[in-house]
Amino acid sequence: MKLSVRVLEARNLPAMDLNGLSDPYVKLQLGKQRSKTKVVKKSLNPSWEEEFSFRVDDLKEELLVSVLDEDKYFQDDFVGQVKVPVSRVFDGENNSLGTAWYPLQPRNKKSKNKDCGEILLQICFSQSNLVDLNFANHATYLSKDGDVGIESPRRSFSGTSNSSSPARQEEFVLSKEDKSCAQKTFAGRIAQMFNKNPECASTSSTRGIDSVELPENFKPELSENKSEDESSSGNFEEMMRVLESRGQGSEIPSKLSGVLLDQLYVITPPDLNSLLFSPNSSFPKSLADLQGTTELQQGPWKFHSDSESLKRVVSYIKAPTRLIKAVKATEEQVYLKADGKVFAVISRVSTPDVMYGSTFKVEVLYCITPGPELSSGEQSSRLVISWRMNFLQSTMMKGMIENGAKQGLKESFDQYATLLSQTVNPVDSKDLGSNKELVLASLQAEPQSDCKLALQYFANFTVISTIFMGLYILVHVWLARPSPIQGLEFTGLDLPDSIGEVVVCGVLVLQAERLLGLISRFMQARRQQGSDHGVKAQGDGWLLTVALIEGSNLAAVDASGFSDPYVVFTCNGKTRTSSIKFQTSDPHWNEIFEFDAMDEPPSVMDVEVYDFDGPFDEAISLGHAEINFLKTNISDLADLWIPLHGKLAQACQSKLHLRIFLDNNRGGNAVKDYLTKMEKEVGKKINVRSPQTNSAFQKLFGLPQEEFLINDFTCHLKRKMPLQGRLFLSARIIGFHANLLGHKTKFYFLWEDIEDIQVAAPTLSSMGSPIIVMTLRSGRGMDARHGAKTQDAEGRLKFNFQSFVSFSVAHRTIMALWKARSLSPEQKVQIVEESEAKSLQTDESGSFLGVDDVSMSEVYSCVLSAPTSFLMEIFSGGELDRKVMEKAGCLNYTFTPWESEKGDVYERQVNYTFDKRISRYRGEVRSIQQRSFLPDRNGLLVEEVMTLQGVPLADYFSLHLRYQSEDLAPKSKGCQVKVYFGIAWLKSTRQQKRITKNILHNLQDRLKVILGAVEKEYTR
């Protein structure tokens, strides 16, 4: 049984707040079932208009309706309550109490406030229960003995089970588990009700055998209800046609916060919609069997009485998991849009039986849109399933609930996608590639002759009037006689003789000037016709192909009421220009533009529409648009209409029809090639991240699959208060994410959005670390403005990042990526020249691999009797080198030969393993050494960068060493050796002092052994 309660409004509520008003809401409770309405702010006569449904297990229960006042910082205040026994509703006329005002009572008699106001409620049993009760009433009449009337309904149900559907039988027949309860509630109450009515009892006794005819009259009602259910399921297509005729929904609903499935299938959108949501479809039942779901009940689709929306209710029992027992879930599915091509269904899932289940609902959006036409001629559909949490009440367990729901939905829809792929073929990426060639091959620019264009362009009032005036003057000259010379005239100079002639001459000059201007514009436009159409791209990498189809409702800026539009596409500093279309507001181009291959995928493409106004006049912008490849799915770009922005474009609602394709013809080596190029810029090895890491990065910021993570750093975002998080760097974006006690801060912006990057001096709040200040261009990165520290008068956002564990590595990586993406070719050339000059200076001074960025200190110094040339034998790769390193505890010692880098600078790689007496972990060492002369060439300098593996916390740091050997005066033999040491911390740890002390002590011991062995070998 279902009890329906509609909370309408309240009046004359007492003021609970200091402002003389209240923020009331209503809580309803029946047994263990609870619900609540929305909060009406600042009102003593609130209106809610909300309906709730409760399951009734015992007629002795009471419905408790409480009105409370919401308090933001303290416990909510109690206003009043009313208790309604369920039996009172059952005994009412038509099992309903109707719509009535109920006085609110205080919680106890000691309350000072006796007048608590009134609430308007509508309480009744739902219509389905009325049918059940009527059926029970007829079954009771069939009983010959009133005492047997309790069991009669069950025998009557079983007797008609063959003629009724299983769903009806399940609806009317009481389960065995509820038999005892039914005897006390249902049938007992019914028998009691009939015993109270003497007329009914006498009527039943006098009618005798005639009363047996009642169920025969009742059977047609059952069959009629059954036929209605069947017709509702069979008329699903008719309901879709009704929605299509209504034009329900003007726009496609946007995706919710999380995406569960995004896939193309070889099926039409109406067929996919029928497969997923038609009552006759076997897909939901197959999915229930796969997921272990039981008691699946799909209600019929019905139009809601208060609106034009189509709704149904689906209930089932979810299979138990390791952590959660089997729970009952109810879905309310509503069609948001159904126009024959696009279908959108929102499903609101409630699970009140789970812990905190009354505080939230899960919303799942199914969106079906047409996909690109395949090479085989078949039509495809795109299915996007997204979700979000809708919290009805605030709770401290919000984060835990979201994570649990996310994990459960992911597992469920993985099975959903698997079953759907087995039922309908997903679109293969090869078909999409061939579809591009098919689409582009079908586009052909309409050939237009010069004569036709000239006739179209010059057929206007200006040209016709000028020609008429010219002919008129020629006829006048032919008919008129020469006038005598007078005034200031002389032979060969004929001046106007009146004001009228002056005006006529001026008009003729202006008209001739306008005509010449039109001719010049036409000639220049014909030269520009199809300037970049059909030009093939060159190179390997990311290829961007843009097909310009047509325009719609472009602004008219010419006196003729039309314009001469052309389009300019700009991407990664390269432009492509379309042909000019004369005197039209709805131009058709059908032109194809290809951009040369790019090393990294593009971020944005700017589209600008201009009106051609001659070769020397400034072009008028008819509108502009920006296509963000990071926020748009590549499959959506295959065929789209983009609205233009700008005053003229928005006033006319101008649009462009484009087809965009982005492909990578370099294959899987594109990422490695890009990282190799960035390694040279950064001066540090960049490892390729795992697919799992890249996938998590893409989901975190909602990025497409081609985006890959380059590096990430722990840092603080400086706003009013520093916020610790992680800074993520990729080829196209820089993003920040933090999670502080469940409060998440997440944003990203493009490298192209950055105007300038500066390094501010360290402060006390930055814990001694320099601050990276990023200034964005005016009006850019507005989606990330909640992470900006300030915004200047010009609208430029400024972001402050500080407290990096390794500032030098982070700064070099950020600068390298920014230079690669956002700078113009001229700026890049200038920076390359400056960097080459700087590298030449650093080579002469001997700096290497960013050693200068690490704080170095002298850890060992001594004077050897051996000269520098003999000391350098330990770095030569000879016998002495191997012998000394083995004596110092280096096993499996291998090295590469010295190779010249620049001039007198040589480099090699060294690998070895520590002996057990040096390190009980027997860690592996990988080292890069660089050898060069001192500036005065009086000695040698060896710089070394060491990375450890197989040692705890080895990925937290790298070791930097500098060996400096300088020969003594000619009279003195030997050399002076100095060793400098530093640690570059890649990650933060509390054990920094302990690790530094341990490494320093071990290093000093090894240096004594190595240099002592060199001294002994020299003195032999």
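1. Focus on the overall build of the protein chain
Part 1: Assigned secondary structure in the protein chain consists of 24 helices and 40 strands.
Part 2: In the protein chain, buried positions account for 43% of the 1020 residues.
Part 3: Put simply, of all contacts in the protein chain between residues at least 6 apart along the chain, 60% involve residues at least 24 apart.
Part 4: Of the roughly 55,900 Å² of accessible surface on the protein chain, 52% is carried by carbon and sulfur atoms.

2. Examining a nonpolar patch on the surface
Part 1: Together, Leu488, Phe490, Leu493 and Leu495 make up an exposed nonpolar region whose accessible area comes to about 400 Å².
Part 2: Assignment of secondary structure puts leucine 488 in the loop between α15 (461–479) and α16 (499–528).
Part 3: On the basis of relative accessibility, which here comes to 75%, the residue leucine 488 falls in the exposed class.

3. What to know about the pattern of salt bridges
Part 1: Evaluation of the coordinates by the stated rule reveals 25 salt bridges.
Part 2: Residue arginine 726 pairs with aspartate 712 through a salt bridge whose shortest N-O separation is 2.5 Å. With arginine 726 in strand β26 (residues 722–730) and aspartate 712 in strand β25 (residues 709–718), this pair connects stretches of sequence that are 14 residues apart.
Part 3: On the basis of relative accessible area, arginine 726 is assigned to the partly exposed category, the value being 31%.
Part 4: Taking relative accessible area as the criterion, aspartate 712 reaches 15% and is therefore assigned buried.
Part 5: Glutamate 755 is the salt-bridge partner of arginine 796, the closest N and O atoms lying 2.6 Å from each other.

4. Focus: helix α12 (residues 398–423)
Part 1: Along its 26 residues, α12 runs 37 Å from first to last C-alpha, staying within 8% of the 38 Å computed at 1.5 Å per residue.
Part 2: Of all the positions in α12, only Ile401, Ala405, Leu409, Ser412, Phe413, Tyr416, Ala417, Leu419 and Leu420 are classed as buried.
Part 3: Against the buried residues of α12 lie β9 (258–265), α10 (269–277), α11 (283–291), β12 (310–318), β15 (360–370) and β16 (381–391).

5. Structural notes on the sheet that holds strand β1 (residues 2–11)
Part 1: The sheet built from 4 strands is open, its strands ordered β4-β1-β8-β7 with antiparallel pairing. For this open sheet the edge positions go to β4 (47–55) and β7 (96–103), each flanked by a neighbour on one side alone. Strand-to-strand twist across the sheet, computed as the mean angle between neighbouring axes with direction ignored, equals 20°.
Part 2: Summarising the sheet, β1 and β4 pair through 7 bridges and their orientation is antiparallel. Bridge pairing in β4 links arginine 6 to glutamate 51.

6. A short note on the sheet that holds strand β22 (residues 620–628)
Part 1: Strand order across the open sheet formed by 4 strands is β19-β18-β21-β22, with antiparallel pairing between neighbours. The sheet terminates laterally at β19 (574–577) and β22, the two strands that pair on one side only. With direction set aside, neighbouring strand axes in the sheet form an average angle of 20°.
Part 2: Pairing of strand β18 (residues 565–571) with β19, which is carried by 4 bridges, proceeds in the antiparallel orientation. Across the sheet, residue cysteine 571 finds its bridge partner in β19, namely lysine 574.

7. Remarks on the pairing of strand β38 (residues 939–949)
Working note: regular strand, side chains alternate between the two faces of the sheet.
Part 1: In terms of burial, β38 is largely enclosed, as 9 of its 11 residues are buried.
Part 2: Relative to β38, strand β37 (residues 924–933) runs antiparallel, the two sharing 10 bridges. In the sheet register, arginine 926 faces β38, and the bridge partner there is threonine 947.
Part 3: Hairpin connection of β37 to β38: 5 residues between the antiparallel strands, including arginine 937 at a positive phi of 55°.

8. Some thoughts on the packing of α11 against α12
Part 1: Between α11 and α12, the least distance of the axes is 10 Å, while the angle of their chain directions is 130°. In this view, α11 runs oblique relative to α12, as classed from their interaxial angle. Judged by the twist between their axes, the crossing of α11 over α12 is right-handed. Packed against α11, whose contacting residues are Phe283, Ser286, Leu287, Leu290 and Gln291, the element α12 presents Ser412, Gln415, Tyr416, Leu419, Leu420 and Thr423 at the interface.
Part 2: Residues belonging to the contact of α11 with α12 are distributed by class as follows: 6 nonpolar, 5 polar and no charged.

Cut-offs used in this document
Residues numbered from 1 in each chain as written. Predicted model: local features only at pLDDT ≥ 70, side-chain atom pairs only at ≥ 80, totals over all residues. Heavy atoms only, no water. Helix = DSSP H or I, 4+ residues; strand = E, 2+ residues; numbered from the N terminus. Buried < 20%, exposed > 50% of the residue type's maximum accessible area, 1.4 Å probe, protein only. Contact = heavy atoms within 4.5 Å. Areas by Shrake-Rupley, 256 points an atom, 1.4 Å probe, with all protein chains shown as cover. Patch = residues over 30% accessible without salt bridge, like charges linked within 9 Å, V, L, I, M, F, W, Y side chains within 5 Å. Salt bridge = Lys/Arg side-chain N within 4 Å of Asp/Glu carboxyl O. Expected span 1.5 Å × (residues − 1). Pairing = 2+ DSSP bridges. Axes fitted to C-alpha atoms, helices over the stretch in contact; angles between N-to-C directions. Parallel < 35°, antiparallel > 145°, perpendicular 65-115°, else oblique. Left-handed = near helix turned anticlockwise from the far one by under 90°. Nonpolar A, V, L, I, M, F, W, Y, C, P; charged D, E, K, R; others polar.

Interpretation in functional terms is not warranted from these geometric data alone.
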